Each structure stands twice: as structure tokens, then as C-alpha cells.
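Chain and residue survey
The chain contents come next:
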Amino acid sequence: MIVIDEYSQNEIISFWRGKHLYFYLRDPKRKTFIKRLYKLYICYIAVFERCYSGRNRPKKGYTSSNDIHVEFLRCEEVDVYDNPRAEEDIEDIKASLETEADFCAMEYNDFGGHGWDKTQFVFTTKQIYEEVPCLNDRCKGDLPDVKAD
């Protein structure tokens with residue numbers, strides 16, 4: 001596994017050596033190890049937005065209260081130091097976070113059959129995000145840019 005650490009912009013790499021799984025932070029240019037990791041944060045960011053800015057919303061009328069901006073941002077910590085199950089733990093956490101986001105989406109079931117507009121998994125070595133468990137703020141929200149799936 002090689003992913004970018006959102007905190008430092010270095011690479012997070014994992015590899016097996018014998019029966020041991022190692023996670024390291026590595027400089028992406030020089031390919032040198034910076035430090036061994038003890039824990040890792042996996043964050044899931046999801047955004048659904050239909051902001052009409054005063055336009056008529058189909059079958060709903062002309063009012064800003066019909067605007068929808070739902071945010072979900074949750075992070076889980078994984079112990080990756082001397083944990084041979086770390087890769088499975090990461091996959092389990094990713095599935096769990098996606099399920100939680102789906103429950104959030106169901107709270108605001110006016111998505112018209114569409115899923116989240118933007119979703120992203122973020123890996124980081126420090127807790128850098130403030131969690132947003134499930135928020136509909138009627139198009140006033142602001143989350144970091146996330147890419148579409």
C-alpha cells in the first residue's frame with residue numbers, strides 16, 4: 001500500500017518483511033524513510049449538495065429552505081505498529097465508515113436516487129480534521145475539496 005499523508009504530503013507505505021508488517025512515512029522524492037508509524041488515521045469525507053441559489057427546485061417550489069448540503073466527515077484510528085492484521089483493520093474501517101455515511105444519507109433521503117456527489121478516503125498520520133457526523137446546513141457548509149469517486 002502506498003498513499004499520500006494529507007498532513008505531511010509524504011508517502012505512507014506498508015510492506016511485509018518475513019512475518020512482520022511495517023508502516024513507514026517516506027519522502028516521495030528521495031525515497032528515504034522518515035519514520036516508522038505507530039498509528040494511522042483513516043478519514044472518510046462525503047458531500048451531497050443541491051444548492052439552487054434562489055432558483056426553482058423541481059417539484060419543491062421556489063425557496064432556499066429546499067437547498068440541501070449534507071456533510072459527513074469521520075476519522076478512525078488504526079494501530080499499525082506490530083499489527084499483522086493492520087491491512088484487514090484498514091479495510092474493515094473503510095467499510096464501516098462508508099456504512100455510517102450511508103446511514104447519514106438516509107437521514108436526508110431527498111437525494112432523488114443519487115448517492116454522494118463527492119467522496120474521498122484520506123489517510124493521515126495526525127488527526128487534522130474536525131469530524132462532522134452528519135450535518136445538513138442548507139448550503140452554508142464548507143469542507144475541504146474532495147474528488148468525485
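Right, let's walk through the structure included here.

The rules behind each value
Residues numbered from 1 in each chain as written. Predicted model: local features only at pLDDT ≥ 70, side-chain atom pairs only at ≥ 80, totals over all residues. Heavy atoms only, no water. Pairing = 2+ DSSP bridges. Helix = DSSP H or I, 4+ residues; strand = E, 2+ residues; numbered from the N terminus. Phe/Tyr/Trp six-rings, centres within 6.5 Å; stacked < 30°, edge-to-face > 60°. Buried < 20%, exposed > 50% of the residue type's maximum accessible area, 1.4 Å probe, protein only. Lys NZ or Arg CZ within 6 Å of the ring centre and 35° of its normal. Axes fitted to C-alpha atoms, helices over the stretch in contact; angles between N-to-C directions. Core = buried A, V, L, I, M, F, W, Y, C linked by side-chain atoms within 4.5 Å. Contact = heavy atoms within 4.5 Å.

Focus on the pairing of strand β4 (residues 33–36)
Here strand β3 (residues 20–26) runs beside β4; their pairing, made up of three bridges, is antiparallel. Its bridge partner lying in β4, L25 is registered against K35. Joining the antiparallel neighbours β3 and β4 is a turn of six residues, in which K31 adopts a positive phi near 60°.

Let's talk about the packing of aromatic side chains
Under the counting rule described, the total for this entry stands at eight aromatic pairs. With centroids separated by 6.5 Å and ring planes inclined at 35°, the aromatic side chains of Y22 and Y24 adopt a geometry described as tilted. Take Y22: its relative accessible area is 18%, and that puts it in the buried class. Following the ring pairs from residue to residue traces out a cluster consisting of F15, Y22, Y24 and F33. Here the basic side chain of K94 rests over the ring of F121, its NZ or CZ set 5.1 Å away from the ring centre.

A closer look at the sheet that holds strand β2 (residues 11–17)
As summarised here, the arrangement of the four strands in space is β1-β2-β3-β4, forming an open sheet in which the pairing is antiparallel. What marks the edges here is a single partner per strand, and that holds for β1 (2–4) and β4. Strand after strand, the sheet turns through a mean of 30° between neighbouring axes, direction not considered.

Some thoughts on the nonpolar core
Counting residues in each nonpolar core, the largest one holds 26 residues, and the members touching the most others are I12, F23 and W116. Going through the elements one at a time, β3, β5 (39–50), β6 (68–79) and α1 (86–107) are the ones with two or more residues in this core. For this core, the element with the highest residue contribution is α1, accounting for seven residues. In this structure, I12 is in contact with M1, I2, V3, D5, F23, Y24, L25, L37, L40, F123, T124 and T125, ignoring residues within four places of it in sequence.

Concerning unusual backbone geometry
A positive phi angle is found at K31, which is not glycine, with a value near 60°. With respect to the element layout, K31 can be found in the loop between β3 and β4. Under the relative-accessibility criterion, K31 is labelled partly exposed at 46%. Phi is positive for D82, close to 50°, though the residue is something other than glycine. Its location among the elements puts D82 in the loop between β6 and α1.

Remarks on the sheet that holds strand β7 (residues 118–124)
Strand order in the open sheet formed by four strands is β7-β5-β6-β8, with antiparallel pairing between adjacent strands. The open sheet is flanked by β7 and β8 (132–136), the only strands paired with a single partner. For this sheet the average axis-to-axis angle between neighbouring strands, irrespective of direction, equals 10°. Against the sheet, α1 engages β5, β6, β7 and β8, with an angle of about 160° to β6.

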